[in-house]
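Each chain, written out:
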Amino acid sequence: MVCHDNETIKFFYDLSKKNLSETWKPKDVVVVSLGLLVCAFVIFANILVMLAIFMNRRFHYPIYYLLGNLAAADLFSGISYLYLMFHTGPWTIKLSIPQWFVRQGLIDTSLTASVINLMAIALERHQTIFTMQLHSKMTNHRVVLLIVGIWLIAIVLGLVPAMGWSCVCNIQQCSNMAPLYSRSYMVFWAVLNLLTFTVMVAVYTRIFIYVRRKSHRMSQHTSQVKHKETVVNLMKTVVLILGCFVVCWTPGLVLLLLDGLCESCDVLTYEKYFLVLAECNSFMNPIIYSYRDKDMRDTFKRILCFPCVASQQKGEHSGVRFNTLEQEPRVFSALCVSGS
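Computed from a predicted model, the values in this text were never measured in an experiment. (Residues numbered from 1 in each chain as written. Predicted model: local features only at pLDDT ≥ 70, side-chain atom pairs only at ≥ 80, totals over all residues. Heavy atoms only, no water.)

**Q** An account of the environment of G35 is requested, with residue identities and associated values reported.
**A** Within the fold, G35 resides in helix α2 (residues 26-55). Here G35 falls in the buried class, since its relative accessible area comes to 0%. Counting along the chain gives 245 residues from G35 to C280, while the straight-line C-alpha distance between them is 9.5 Å. Ignoring any residue separated from it by four or fewer positions in sequence, one finds G35 in contact with Y81 and M85. (Helix = DSSP H or I, 4+ residues; strand = E, 2+ residues; numbered from the N terminus. Buried < 20%, exposed > 50% of the residue type's maximum accessible area, 1.4 Å probe, protein only. Contact = heavy atoms within 4.5 Å.)

Next up, the structure:
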């Protein structure tokens with residue numbers, strides 16, 4: 001087995017028949033410009049979520065800690081994608097093999113952490129709703145262990161190609177989309193994420209079926225309007241969660257599978273656009289999981305309007321204040337923010 005550690009990036013791109021631009025083309029400019037715009041919004045939105053969770057004591061519960069970790073993963077995704085934008089196009093040809101693996105490893109780690117966080121939140125909502133609680137009884141220690149576990153898995157998956165699961169020593173297995181990655185790794189990563197998606201579908205479907213049954217039994221204790229509103233809100237949340245994941249991830253995952261399983265398939269035409277679409281999931285998460293929560297929305301407003309409030313209240317303490325009254329432990333309240 002011959003390894004090609006001393007070869008240039010161009011060698012692998014030529015081998016995979018992937019175009020390696022030496023000058024800026026209109027398509028490169030469009031993709032990079034769109035990517036930078038998405039990165040800016042991803043970074044801003046997730047910093048806002050993390051600030052809101054830190055500042056508002058109402059959010060000091062396990063589900064919101066997981067939300068904060070999701071925001072951190074998506075923030076890291078935005079930063080990783082920003083790094084990619086400044087190391088793509090004509091800049092790619094200047095990269096060494098280790099630098100190329102760093103570029104791809106950051107993207108893999110960040111996106112994997114984001115997806116695993118989504119699944120962790122889905123499982124937390126499932127456990128909470130089926131035990132008739134508003135907030136999980138999980139201790140802070142367990143939450144920290146869960147968060148550490150999420151990042152360890154993401155980092156390991158991000159490092160796997162650089163640690164040997166690549167085509168540097170087996171050029172017949174080189175991927176077209178990621179010329180230094182092995183086709184088998186591309187298939188593995190795509191299938192892993194598709195399985196995660198399947199688990200999320202199963203979890204939220206079970207939650208929805210349970211809520212419909214429970215709401216039907218409890219309808220005699222609540223008004224028809226409130227009953228209908230509860231079911232509709234849950235349906236909207238579930239559709240948004242699953243719909244966003246499907247729209248943002250499925251095209252890219254299918255492309256990865258085709259790249260790994262079909263050598264003759266043309267997977268390069270829409271590759272960069274699908275990567276941008278997958279990245280969009282990182283700024284959709286704060287909108288779906290956080291912005292639908294009224295308390296989170298109010299906190300956003302207070303953070304964004306803080307300079308205005310400070311200028312109008314000279315001499316007064318203008319920090320954000322929140323009461324710490326316990327929220328009413330209604331199962332349907334938790335369900336209506338089942339993504340939060």
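**Q** Break down the packing of α2 against helix α9 (residues 294-304) for me, with residues and values.
**A** The packing of two helices is summarised by the inter-axis angle and the distance between the axes. As a packed pair, α2 and α9 sit with axes 9 Å apart at the nearest point and diverge in direction by 105°. Compared by their axis directions, α2 and α9 come out roughly perpendicular. For the pair α2 and α9, contact is made by F44, L48, V49, L51, A52, I53 and M55 and by M296, T299, F300, I303 and L304, respectively. Its residues assigned to classes, the contact of α2 with α9 shows 11 nonpolar, 1 polar and no charged. (Axes fitted to C-alpha atoms, helices over the stretch in contact; angles between N-to-C directions. Parallel < 35°, antiparallel > 145°, perpendicular 65-115°, else oblique. Nonpolar A, V, L, I, M, F, W, Y, C, P; charged D, E, K, R; others polar.)

**Q** Explain the state of the cysteines to me, and be specific about the residues and the numbers.
**A** A full pass over the atoms with the stated rule returns 3 disulfides. Two residues share a disulfide in this structure: C167 and C174, whose sulfurs sit 2.1 Å from each other. With the S-S dihedral at roughly 95°, the linkage between C167 and C174 falls on the right-handed side. Assessed through its relative accessible area of 5%, C174 is described here as buried. The disulfide partner of C262 is C265, and the gap between their sulfur atoms is 2.0 Å. Torsion about the S-S bond of the C262 and C265 cystine: about 85°, corresponding to right-handed handedness. Overall, the relative accessible area of 18% leaves C262 in the buried class. (Disulfide = S-S within 2.5 Å.)

**Q** Tell me about unusual backbone geometry, and please be specific about residues and values.
**A** A positive phi angle, close to 60°, is found at K17, a residue other than glycine. Mapping K17 onto the fold places it in the loop between α1 (9-15) and α2.

**Q** Can you break down a nonpolar patch on the surface residue by residue, with the values?
**A** Together, W24, V29, F86 and W91 line one region of the surface with nonpolar side chains, adding up to about 380 Å² of accessible area. Its location among the elements puts W24 in the loop between α1 and α2. (Patch = residues over 30% accessible without salt bridge, like charges linked within 9 Å, V, L, I, M, F, W, Y side chains within 5 Å. Areas by Shrake-Rupley, 256 points an atom, 1.4 Å probe, with all protein chains shown as cover. Salt bridge = Lys/Arg side-chain N within 4 Å of Asp/Glu carboxyl O.)

**Q** Residue-level account of the pattern of salt bridges, with values.
**A** Taken as a whole, this structure holds 3 salt bridges when the rule is applied. The salt bridge partner of E271 is K18, with a shortest N-O separation of 2.8 Å. Pair noted here: E271 is in helix α8 (residues 271-291) and K18 is in the loop between α1 and α2, with a separation of 253 residues, a long-range link. When the shortest N-O distance is used, the salt bridge between D259 and R183 registers 3.7 Å. Taken as a pair, D259 in helix α7 (residues 224-261) and R183 in helix α6 (residues 183-218) lie far apart in primary sequence, 76 residues in all. The class of D259 is buried, set by a relative accessible area of 0%.

**Q** How would you summarise the environment of N281 if you had to cite specific residues and measurements?
**A** Considering the arrangement of structural elements, one finds N281 in helix α8. Residue N281 is classed as buried on the basis of its relative accessible area of 2%. Sequence separation between N281 and L111 is 170 residues; the distance between their C-alpha atoms is 9.3 Å. When near neighbours in sequence (up to four residues on either side) are disregarded, N281 contacts L118, C244, F245, C248 and W249.

**Q** Can you explain the packing of helix α3 (residues 62-85) against helix α4 (residues 97-130)? Please cite residues and give values.
**A** Put simply, α3 and α4 touch, their axes get as near as 8 Å, and they point 160° apart. One way to sum up the angle between α3 and α4 is to call them roughly antiparallel. At the point where α3 passes α4, the crossing takes the left-handed sense. Taken together, the residues of the contact of α3 with α4 break down into 17 nonpolar, 8 polar and 4 charged. (Left-handed = near helix turned anticlockwise from the far one by under 90°.)

**Q** Lay out the side chain of R183 with the relevant residues and their values.
**A** Using a relative accessible area of 8% as the deciding quantity, one classes R183 as buried. Separated by 3.4 Å, the side chain of R183 and the backbone oxygen of C174 make a polar contact. Excluding its chain neighbours within four sequence positions, the residues that come into contact with R183 are Q173, C174, S175, N176, D259, G260, C262 and E263. (Polar contact = N/O pair within 3.5 Å; in protein donor to acceptor, adjacent residues only side chain to side chain.)

**Q** Could you give me a rundown of the nonpolar core, with the residues and numbers involved?
**A** Membership of the largest hydrophobic core comes to 71 residues, with the highest contact counts inside it found for W100 and W249. With 12 residues, α6 is the single largest residue contributor to this core. (Core = buried A, V, L, I, M, F, W, Y, C linked by side-chain atoms within 4.5 Å.)

**Q** Break down the packing of aromatic side chains for me, with residues and values.
**A** Evaluation of the coordinates by the stated rule reveals 14 aromatic pairs. A ring pair is formed by W165 and F188, whose centres lie 5.3 Å apart and whose planes are at 35°; its orientation type is tilted. Of this pair, W165 sits in the loop between α5 (140-159) and α6 while F188 sits in helix α6; the two residues are 23 residues apart in sequence, bridging distant segments of the chain. Look at F188 and you get partly exposed, because its relative accessible area is 32%. Considering the side-chain rings of Y185 and F188, the 6.2 Å spacing of their centres and the 40° angle between planes classify their relative orientation as tilted. Of the two residues, Y185 and F188 are both situated in helix α6; the distance of 3 residues between them amounts to about one turn of the helix. In textbook terms, an aromatic cluster arises when at least three aromatic residues are bridged by ring pairs, as seen for W100, F101, W165, Y181, Y185 and F188. (Phe/Tyr/Trp six-rings, centres within 6.5 Å; stacked < 30°, edge-to-face > 60°.)

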